[in-house]
Amino acid sequence: MTAAAPAPEAAPEPAVYTVAVRELCEFTAKHGDLDLRFTPSPSAQEGVAGHGTVVARRGAVYQAEVSLSGDYQGRLRVRGRADGLDPSAPRLEEIKTHKGPLERQNPAQRTLHWAQALVYGWLYCQQAGLSELELALVYFEVGSQQETVFTRRLSAAELQAHFDTQCARFLAWAEQQLAHRQTRDAALTALRFPFADFRTGQRPLAEAVYRGAQAGLCLLAQAPTGIGKTLGTLFPLLKAGPAQALDKVFFLAAKTSGRQLALHALDQLAPRQALPLRVLELVARDKACEYPDRACHGESCPLAQGFYDRLPAARQDALTGPAPQAHGPWRLDQAQVRTVALRHQVCPYYLSQELARWVDLVVGDYNYYFDASALLWGLSQANHWRVALLVDEAHNLVERARHMYSAELLPEALAQARRGSTAQRFAPVKKALAQLRRQWLALDKAQPLAYAVYPQVPDKLLKALQQCSQTLGTHQAEHPTEFDPALRQFYFDVLQACRLAESLDTHSLFDASQPSPPEPGRSRLCLRNLVPAPFLAPRWAGAHSSTLFSATLQPPHYHAQLLGLPEAHRTLEVESPFEAAQLQVHTARHLSTRYADRAASLAPLVALMAAQYQAQPGNYLAFFSSYDYLQQVAELMAQTHPELPCWSQSRRMQEAEQQAFLARFSDASQGIGFAVLGGAFAEGIDLPGRRLIGAFVATLGLPQVNPVNEQIRQRLQVLFGAGYDYTYLYPGLQKVVQAAGRVIRGPGDQGVVHLMDDRFARPEVRQWLPRWWALD
Ligand code: SF4
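Treat the numbers as computed from the prediction; the structure is a model and nothing was measured. (Residues numbered from 1 in each chain as written. Predicted model: local features only at pLDDT ≥ 70, side-chain atom pairs only at ≥ 80, totals over all residues. Heavy atoms only, no water.)

## Things to note about the pattern of salt bridges
Then step 1. For the structure on display, the rule yields 40 salt bridges.
Then step 2. We note a salt bridge from Asp-267 to Arg-331, for which the minimum N-O separation is 2.3 Å. One end of the pair, Asp-267, is in helix 7 (residues 256-269); the other, Arg-331, is in strand 10 (residues 328-332), and 64 residues separate them in sequence.
Then step 3. What makes Asp-267 partly exposed here is its relative accessible area of 21%.
Then step 4. Looking at Arg-331, the relative accessible area reads 18%, which means it is buried.
Then step 5. For Arg-594, the salt bridge goes to Asp-758, with nearest N and O atoms at 2.9 Å. In this pair, Arg-594 sits in the loop between strand 19 (583-587) and helix 21 (598-615) while Asp-758 sits in the loop between strand 24 (751-755) and helix 26 (763-766), placing the two residues 164 residues apart along the sequence.
Then step 6. Judged by relative accessible area, Arg-594 falls into the partly exposed class, the value being 27%. (Salt bridge = Lys/Arg side-chain N within 4 Å of Asp/Glu carboxyl O. Helix = DSSP H or I, 4+ residues; strand = E, 2+ residues; numbered from the N terminus. Buried < 20%, exposed > 50% of the residue type's maximum accessible area, 1.4 Å probe, protein only.)

Structure representation (structure tokens):
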């Protein structure tokens, strides 16, 4: 019996790279200067409405949003949705909305639009078997509702030649991306945890993140300081990446320190060899700009001039040139991006935004994913990326997101804008601003109270705002180089207010705060977001998985409801690695720090702090609810205990002063640093061992009771049935726990925390303090 000859092995299918039409054309057909002279663009709603208007004007056979795709040499798949098609003509349309005169359009922009239309043209010809096709670029002006149409008739052969040229230009890059991805995924699959073992608490966190990524879930993880949360979330997510076919991981941080911790943790992943993982740090424009006094266009900034001509070489250099470092990931941090950018004479800030398309992991601020016009969110949507999110220090996200979706209009800003529009050619602007001022005055005159909330933006005021937005936009389009900075800023404020007014609902309110004494026309108007959930929910839904982590996420339902986490989200509370014996927690039941009791509290506070210091000399932090209170206690301490070294936080401390404050906490020093709760020294600082042995917390951290907070309380009571807790108690205790958390930073630390207010003895307060604390 002879063995059957083995069947020949089938050759593996070559990998196909998929690219969106827009992405392909931006890569191959963008040339010339970077030009970000502000030209007013339609809002998202205006854009959608404009497309709808054009489509409604076409005949019954007209089709909108036609999905098309096609392959090039079996190695590249190009796909996208053409805006409109009239199969009876046949004619394929690319619709673009704009504001202001079309003549102002950058010619490079038109070239790019034609490139897209031609690619769609070939995809349709191929699909429908046509020999020629009419293409139209339809520019729709949202103000006048006028269309300007440019047409071209091209043969299928011409369209194919164009398609082939674009694809050929992109193919080498696509194949390099594919090869990189295979190498990356193989390396991540083989990746081992870089230490002999996980720290206590780190393993359950890592396992939960891994399972969350596998199941495509959102995880809200409270994990104490000191267990290595950054590495404990990055490592499992990267390990899960290849099996989940993740395109990108976004590590989103509230502060610079969080970004740096992430970059450090990524370096630790491969301390002895190179890791083929491209990591990009995104920083704010003012931190990356080389010419802060210039504007972002070729006539002003040399790094904007010819930006797109030099971009391909800079991109290639950044991603495939000399390795940024011998070990660890391919780290494109701020310094490295700057080095490459200057080597090629392109803007570092905009180079980093381009690189975001081609890297594996981005480390950046929350804004880059959660903001209304967030870069990473926009790219993820346009390119159908499968992304996973890590949200660092997530207890900050409620406040940060509220800010992203609020708009404030200040009377001083309007006055400045009016001063910047006195010249004759500003006549329409002047008129629109004057009308806005009249409506503002009318609102104030009709408002008997210092503070009032309105069910919606009053009709006449809204119309005046919309008129302002339109007039300022038109003026900007007509005079792009001579716009006054104050006028421009006011224009942005008005735009943001108009956009938010369109979506005003129970998640936000519109209020007006009068100065004291009231003065018509001097109120501050605010579209104030209270519940960012409706704005953030699509962001969670758009990610394959998300992990929000922090040491203070109590109670989880507060964060889940305000942040709009998916119903199916999971929660995790990681046990603290610290023992109760490491931290003595004392509650001063004889003290009240309520506003009415402040004067009486000074002497007992000072006595308690001095007694603790004398019993156990060392470094302490003392936290207060305000600078005034801090000052009063510090003065009494200096009078009664001049021998006790003390130093205080002051308002608006510069970075160097903050460093000097922290430098006083050394292994050899002794004394008390006075700080405000919720300030720069109440979270995100690390003073291990003898550098900090105790903290005094002279406040419950409750936000001030004022008309705005009372409105928030009422609204949150209606929405969630927990107005007081959601407005005052939980945000306050979060700050207390963060501040007290400065004391124990490692397994060898010992310390003491004094909670100096009788309310800390209440069960409804104690239930939200860390479980591992042994409360007296
Ligand atoms: S260097 Fe500054 S001014 Fe120049 S393009 Fe970049 S961000 Fe704009």
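## A closer look at the site of the ligand
Then step 1. All residues in the neighbourhood of the ligand are listed as Leu-34, Arg-285, Cys-289, Glu-290, Tyr-291, Arg-294, Cys-296, Cys-301 and Cys-347.
Then step 2. Of the residues belonging to the shell around the ligand, the class tally is 6 nonpolar, no polar and 3 charged. (Near = heavy atom within 4 Å. Nonpolar A, V, L, I, M, F, W, Y, C, P; charged D, E, K, R; others polar.)

## Remarks on the packing of helix 17 (residues 459-478) against helix 18 (residues 485-502)
Then step 1. Direction vectors running N to C along helix 17 and helix 18 enclose 135°, while the axes themselves pass 9 Å from each other. Comparing their axes, helix 18 and helix 17 come out oblique. Remark: the crossing between helix 17 and helix 18 carries left-handed chirality. Contacts between helix 17 and helix 18 involve Leu-462, Leu-465, Gln-466, Cys-468, Ser-469, Leu-472, Gly-473 and Gln-476 from the former and Leu-487, Arg-488, Tyr-491, Val-494, Leu-495, Cys-498 and Ala-501 from the latter.
Then step 2. Of the residues assigned to the contact of helix 17 with helix 18, the class counts are 10 nonpolar, 4 polar and 1 charged. (Axes fitted to C-alpha atoms, helices over the stretch in contact; angles between N-to-C directions. Parallel < 35°, antiparallel > 145°, perpendicular 65-115°, else oblique. Left-handed = near helix turned anticlockwise from the far one by under 90°. Contact = heavy atoms within 4.5 Å.)

## Considerations on the packing of helix 1 (residues 21-28) against helix 4 (residues 156-190)
Then step 1. Helix 4 packs onto helix 1 with a crossing angle of 90° between their chain directions and a minimal axis gap of 9 Å. Classified by the angle their axes make, helix 1 and helix 4 are roughly perpendicular. Taken together, the residues of helix 4 that come into contact with helix 1 (itself represented by Leu-24, Phe-27 and Thr-28) are Gln-166, Cys-167, Arg-169, Phe-170 and Trp-173.
Then step 2. Residue composition of the contact of helix 1 with helix 4, by class: 5 nonpolar, 2 polar and 1 charged.

## What to know about helix 15 (residues 411-419)
Then step 1. Within helix 15, burial applies to Pro-411, Ala-413, Leu-414 and Ala-417. Projection of helix 15 onto a plane perpendicular to its axis shows the buried side chains occupying an angular sector of 160°, all on one side.
Then step 2. Check the buried side of helix 15 and you find it contacts strand 13 (407-409), helix 16 (427-445), helix 18 and strand 16 (524-529). (Arc of directions from axis to C-beta.)

## Quick look at the sheet that holds strand 24
Then step 1. Sheet architecture is open: 7 strands sit in the order 21-22-20-23-24-19-25, paired in parallel fashion. Of all strands in the sheet, those bounded by a partner on one side alone are strand 21 (646-648) and strand 25 (774-775).
Then step 2. Two strands pair when backbone bridges link them, and strand 21 and strand 22 (residues 671-676) are joined in this way by 3 bridges, in the parallel orientation. Its bridge partner being in strand 22, Cys-646 is matched across the sheet by Ile-672. (Pairing = 2+ DSSP bridges.)

## Observations regarding the packing of aromatic side chains
Then step 1. Taken as a whole, this structure holds 36 aromatic pairs when the rule is applied.
Then step 2. With a centroid separation of 5.3 Å and 90° between ring planes, the pair formed by Tyr-369 and Phe-370 is classed as edge-to-face.
Then step 3. Measuring from centroid to centroid gives 5.1 Å for Tyr-558 and Tyr-726, while their planes differ by 90°, and the two rings are edge-to-face. With Tyr-558 in helix 20 (residues 556-563) and Tyr-726 in helix 25 (residues 723-740), this pair connects stretches of sequence that are 168 residues apart. The same class applies to Tyr-558 as to Tyr-726, namely buried.
Then step 4. Chaining the aromatic ring pairs together yields one cluster made of Phe-250, Tyr-366, Tyr-369, Phe-370, Trp-377 and Trp-540.
Then step 5. The ring of Trp-114 carries Arg-152 above its face, with NZ or CZ at 5.0 Å from the centroid.
Then step 6. Of note, Arg-598 hangs over the ring of Tyr-629, and the distance from its end group to the ring centre comes to 4.4 Å. (Phe/Tyr/Trp six-rings, centres within 6.5 Å; stacked < 30°, edge-to-face > 60°. Lys NZ or Arg CZ within 6 Å of the ring centre and 35° of its normal.)

## Regarding the confidence of the model for the protein chain
Then step 1. With 97% of its residues at a pLDDT of 70 or more, the protein chain has an overall mean of 93.
Then step 2. In the predicted structure, residues 1-6 sits below a pLDDT of 50 and forms 0 contacts with residues beyond four places in sequence or in another chain. (pLDDT = per-residue confidence, 0-100.)

## Section: the side chain of His-507
Then step 1. Assignment of secondary structure puts His-507 in the loop between helix 18 and strand 15 (508-513).
Then step 2. With relative accessibility at 9%, the residue His-507 sits in the buried group.
Then step 3. For His-507, the side chain forms a polar contact with the main-chain oxygen of Ser-503, separated by 3.0 Å.
Then step 4. With residues near it in sequence (within four places) discarded, His-507 still touches Arg-528, Asn-529, Leu-530, Val-531, Pro-534 and Phe-535. (Polar contact = N/O pair within 3.5 Å; in protein donor to acceptor, adjacent residues only side chain to side chain.)

## What to know about the sheet that holds strand 13
Then step 1. Taking strand neighbours across the sheet as the criterion, the 4 strands line up as 13-16-15-14 in an open arrangement whose pairing is antiparallel. If you trace the sheet from one side to the other, it starts and ends with strand 13 and strand 14 (451-454), each paired once. For this sheet the average axis-to-axis angle between neighbouring strands, irrespective of direction, equals 20°.
Then step 2. Where strand 15 meets strand 16, 6 bridges bridge the pair, whose relative direction is antiparallel. Bridge pairing in strand 16 places Ser-508 opposite Asn-529.

## Some thoughts on the pairing of strand 7 (residues 218-222)
Then step 1. Burial within strand 7 is extensive, with 5 of its 5 residues counted as buried.
Then step 2. Of the two faces of strand 7, the one carrying Cys-218, Leu-220 and Gln-222 and the one carrying Leu-219 and Ala-221 are both buried.
Then step 3. Sheet topology note: the strand 7/strand 18 (residues 570-573) ladder contains 4 bridges and is parallel. Across the sheet, residue Leu-220 finds its bridge partner in strand 18, namely Thr-571.

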